[in-house]
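Descriptive structure summary
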Amino acid sequence: MHMSEASSEPASGTNGAVKPRVLSGIQPTADSFHLGNYLGALRQWVAMQDTHDAFYCVVDLHAITVEHDPATLRRRTKVAIAQLLAMGVDPDRATLFVQSHVPEHTELAWVLGCITGFGEAGRMTQFKDKSSKQGTGGTTVGLFTYPVLQAADILLYSPEPHEERALRVPVGEDQRQHLELTRDLAQRFNHRFGDTFVPPEAHIPPGAAKITDLQEPDAKMSKSASSPQGIIDVLEEAGPMRKKIMRAVTDPGSDVVYDEERKAGVTNLLRIYSALEGTSVPDLETRYAGSGYGQFKKDLAQLVVDTFTPIRERTLKLLDDEEQLDRVLAQGAERASRVAARTMDTVRDRVGFVGRGR
């Protein structure tokens, strides 16, 4: 169970009820998070700090399943943490940490890997997709076992079954299969070794928006797949940000209306506008009735700039104070490690490993 600095009790809400726990992670595989990350997940991380016992993790172990440059990984990990803080993740209200700072992640992954079927791991869609592109010669064992490590990331922070509280994981459609594997492994472990893990629940945060590529509105906005013109980075300068919105693909006609089939481009821009401003899509359609795409895009560009410029400025300021960033990471690692160590003590005992003695 989560411990605050002063207490060993589970985090409670204002009415004294024990909060459900939430675990979410993001990879440090780019120099900046993008608009899709922000509206699809990260903004919800900030909101969930008040309603959940929140554990947020920058998953650097997952980032090395592909070839990488060590100095770049180290820098991007710090930039990821700084952006999360700049967006409003509060290290006093949430446990914010780097995955590799808690070695129990890899230890639990090994134990879970030993109860995962080879065929079961091979059926994971993301593995199949990536390995079919790269061929077996270019596919690592790490990529194959990635979903097992992901299961360990989640189950390491499982509340104890007697606490009777939920373990939630915010997921998009592309992660549902991995969460199902995690549930299966939790139940399999419990069946073989006794009640240890709470099977996690999928959590679709209210307000999470699916944002697509500005140039290819039928494709998800993605660092690995989108062209530079199709993606807006959180840390981008205002000028390029504006240009990308103004050049975003629209559709025949000039009506600002929501129509996923015939107006995928405008529909995506309406979703972005609605999510950032908190105005419903029908209200936006009414506001821009008869005004054409030009004014709509200009206003949206300003809204995007106004949203991300303060985050960019706060991020750069945080990166200038490396000592403070390191203090935040040390605090998060300590909190996460306390929970992880307790979970692993139970796992080792249940599996039959001999204790080290004191």
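Residues numbered from 1 in each chain as written. Predicted model: local features only at pLDDT ≥ 70, side-chain atom pairs only at ≥ 80, totals over all residues. Heavy atoms only, no water.

**Remarks on the sheet that holds strand β4 (residues 167-170)**
- Spatially, β3-β2-β1-β4-β5 is the arrangement adopted by the five strands of the open sheet, whose pairing is parallel. A single partner strand is all that each edge strand has here, and the edge strands are β3 (94-98) and β5 (201-203). Across the sheet, the axes of successive neighbouring strands diverge by a mean angle of 25 degrees, strand direction being ignored.
- Alignment of strand β1 (residues 21-26) against strand β2 (residues 53-58), held across six bridges, turns out to be parallel. Opposite Val22, over in β2, you have Ala54 as the bridge partner. (Pairing = 2+ DSSP bridges. Helix = DSSP H or I, 4+ residues; strand = E, 2+ residues; numbered from the N terminus. Axes fitted to C-alpha atoms, helices over the stretch in contact; angles between N-to-C directions.)

**Focus on the UniProt feature "binding site: L-tryptophan" (unreviewed entry) in the chain**
- Mapped onto this numbering, the UniProt entry gives "binding site: L-tryptophan" (unreviewed entry) at Asp153.
- For Asp153, the location among the structural elements is in helix α6 (residues 141-155).
- Asp153 gets classed as buried once you look at its relative accessible area, which sits at 5%.
- Sequence-distant contacts of Asp153, that is, excluding residues within four places in its chain, are made with Leu23, Val59, His62, Gln99 and His105.
- A distance of 2.9 Å separates the side chain of Asp153 from the side chain of Gln99, its partner in a polar contact. (UniProt positions renumbered as here; feature names shortened; annotations may be inferred. Buried < 20%, exposed > 50% of the residue type's maximum accessible area, 1.4 Å probe, protein only. Contact = heavy atoms within 4.5 Å. Polar contact = N/O pair within 3.5 Å; in protein donor to acceptor, adjacent residues only side chain to side chain.)

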